[in-house]
Amino acid sequence: MLLFREKIPADWLPKVLSNLPAVLVDHAHLERKAATTALNLEKYRDLYPRVREINAIAIEELQHFELVLELLTRRGIPFGQPFPSPWITGLMRSVRNGQRHQAIDHLICCALIEGRSCEKFQVLSRALPDLDPELATFYGSLVESEGNHYAAYILMARAIDDAETDKRLDFYLDLDAKLIREPNPVPMLH
Ligand SMILES: [Fe+2]
Ligand SMILES: [Fe+2]
């Protein structure tokens, strides 16, 4: 289902596995941002009819945020500052202006973030069972939901303009492939 043109860099998994507490804090912020970004999509005219559907995604992301916060509390890890993600910033920088173009680009960026989360959570659920079985189960439990968000955002963009979505998806998949190859030593999901 995922269309990515570049694999997750080989140094990502070891970096994450050796910095799990910091990655969990980053993950909490990622879910928080997923919730607020979903709500921000509701400003686009083309998405007014889908406000309930998008609210449902925002609620699910807020529930994920709560789940990560519970994990942090149980593990005695304080909720701290987020790291800025050069990958997400790089994607968002290419969102064009103009109601319809902006809505399509924003939806595609959200879809790629959800898609990469889905892919990385799957990798973590397979890599963690020996090291941290609780986290392995937790990441496994999020895969389907993030995959559904990916699909929902792509379908929303296609419903606005199918041909334009294809064109921009082609652009953004190349951009994702370029950005994901750039080294990032910070222990974070994206
Ligand atoms: Fe989520
Ligand atoms: Fe999500």
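This text follows the structure it describes.
Source: prediction; values computed, not measured. (Residues numbered from 1 in each chain as written. Chains lettered and ligands numbered in written order. Predicted model: local features only at pLDDT ≥ 70, side-chain atom pairs only at ≥ 80, totals over all residues. Heavy atoms only, no water.)

Visitor: Is there a simple way to explain the coordination of the iron ion (ligand 1) in this structure?
Guide: Tetrahedral coordination by four donors puts the ideal angle at the metal at 109.5 degrees, and octahedral coordination by six puts it at 90 or 180 degrees. The protein atoms that coordinate the iron ion (ligand 1) are Glu 31 (OE), Glu 61 (OE), His 64 (ND1) and Glu 146 (OE), at distances of 2.0 to 2.2 Å. One way to put it: the 4 donor atoms around the iron ion (ligand 1) meet at angles of 91 to 140°, and that makes the site irregular. Sequence spacing of the donors to the iron ion (ligand 1): E-x29-E-x2-H-x81-E. Separation of the iron ion (ligand 1) from the iron ion (ligand 2) amounts to 3.4 Å, with Glu 61 serving as a shared donor to the pair. (Donors = N, O, S within 2.8 Å, 3.2 Å for Na, K, Ca; no water. Tetrahedral: all angles 85-135°; square planar, octahedral: opposite > 155°, others 65-115°.)

Visitor: What am I meant to see in the packing of aromatic side chains here?
Guide: Aromatic ring pairs are described here by two measures, namely the spacing of the ring centres and the angle between the planes. Considering all chains together, one arrives at 4 aromatic pairs under this definition. Plain terms: the ring middles of Phe 65 and Phe 79 are 6.0 Å apart, the flat faces sit at 55° to each other, and that makes the pair tilted. One end of the pair, Phe 65, is in helix α3 (residues 51-74); the other, Phe 79, is in the loop between α3 and α4 (86-92), with 14 residues separating them in the sequence. Exposure remark for Phe 79: the relative accessible area of 43% places this residue in the partly exposed category. Pairing Phe 171 with Tyr 172 gives two aromatic rings, centres 5.0 Å apart and planes at 80°, and the pair type is edge-to-face. The exposure class of Tyr 172 is buried, given its relative accessible area of 0%. (Phe/Tyr/Trp six-rings, centres within 6.5 Å; stacked < 30°, edge-to-face > 60°. Helix = DSSP H or I, 4+ residues; strand = E, 2+ residues; numbered from the N terminus. Buried < 20%, exposed > 50% of the residue type's maximum accessible area, 1.4 Å probe, protein only.)

Visitor: Can you walk me through the coordination of the iron ion (ligand 2) in this structure?
Guide: Glu 61 (OE), Glu 114 (OE), Glu 114 (OE), Glu 146 (OE) and His 149 (ND1) make up the full set of protein donors to the iron ion (ligand 2), lying at 1.8 to 2.8 Å. Look at where the donors of the iron ion (ligand 2) fall in the sequence and you get E-x52-E-x31-E-x2-H. The class for Glu 146 is buried, based on a relative accessible area of 1%.

Visitor: How do you make sense of the nonpolar core when you look at a structure like this?
Guide: Among soluble globular proteins, nonpolar side chains are generally buried collectively. By size, the foremost hydrophobic cluster in this structure holds 59 residues, and its most contacted members are Leu 91 and Tyr 153. Where this core is concerned, the elements lending two or more residues are α1 (12-17), α2 (20-41), α3, α4, α5 (99-127), α6 (133-160) and α7 (162-180). For Tyr 153, the residues in contact, after removing those within four places along its chain, are Ala 38, Leu 41, Ile 57, Leu 107, Cys 110, Ala 111 and Glu 114. (Core = buried A, V, L, I, M, F, W, Y, C linked by side-chain atoms within 4.5 Å. Contact = heavy atoms within 4.5 Å.)

Visitor: Just checking my understanding: could you explain the side chain of Asp 26 for this structure?
Guide: Its location among the elements puts Asp 26 in helix α2. The buried charged residue Asp 26 lacks any salt bridge partner; its closest oppositely charged side chain belongs to Lys 33, at an N-O distance of 5.4 Å. Those residues in contact with Asp 26 that sit more than four places away from it in its chain are Phe 83, Pro 187, Met 188, Leu 189 and His 190. (Lys, Arg positive; Asp, Glu negative; His and termini not counted. Salt bridge = Lys/Arg side-chain N within 4 Å of Asp/Glu carboxyl O.)

Visitor: I tried to follow α7 on my own but got confused; where do I start?
Guide: The α-helix advances 3.6 residues per turn, and as a result positions three or four apart in sequence lie on the same side. The terminal C-alpha atoms of α7 lie 26 Å apart, and with 19 residues this matches the ideal 27 Å at 1.5 Å per residue to within 8%. By the burial criterion, the buried members of α7 are Glu 164, Thr 165, Arg 168, Leu 169, Tyr 172, Leu 173, Leu 175, Asp 176, Ala 177, Leu 179 and Ile 180. If you check the start of α7, you find a side-chain oxygen 3.3 Å away from the backbone N of Ala 163, and it comes from Asp 161. (Expected span 1.5 Å × (residues − 1). Polar contact = N/O pair within 3.5 Å; in protein donor to acceptor, adjacent residues only side chain to side chain.)

Visitor: What am I meant to see in the pattern of salt bridges here?
Guide: Side-chain pairs of opposite charge can arise whenever the charged atoms involved come near each other. Counting across every chain of the model gives 16 salt bridges. Its salt-bridge partner being Glu 134, residue Arg 75 comes within 2.7 Å of it at the nearest N-O pair. Highlighted residues: Arg 75 in the loop between α3 and α4 and Glu 134 in helix α6, separated in sequence by 59 residues. Residue Asp 166 is joined to Arg 158 by a salt bridge in which the shortest nitrogen-to-oxygen separation is 2.9 Å. Using a relative accessible area of 42% as the deciding quantity, one classes Asp 166 as partly exposed. Where salt bridges share partners, they join Arg 96, Asp 105, Glu 164, Lys 167 and Arg 168 into one cluster.

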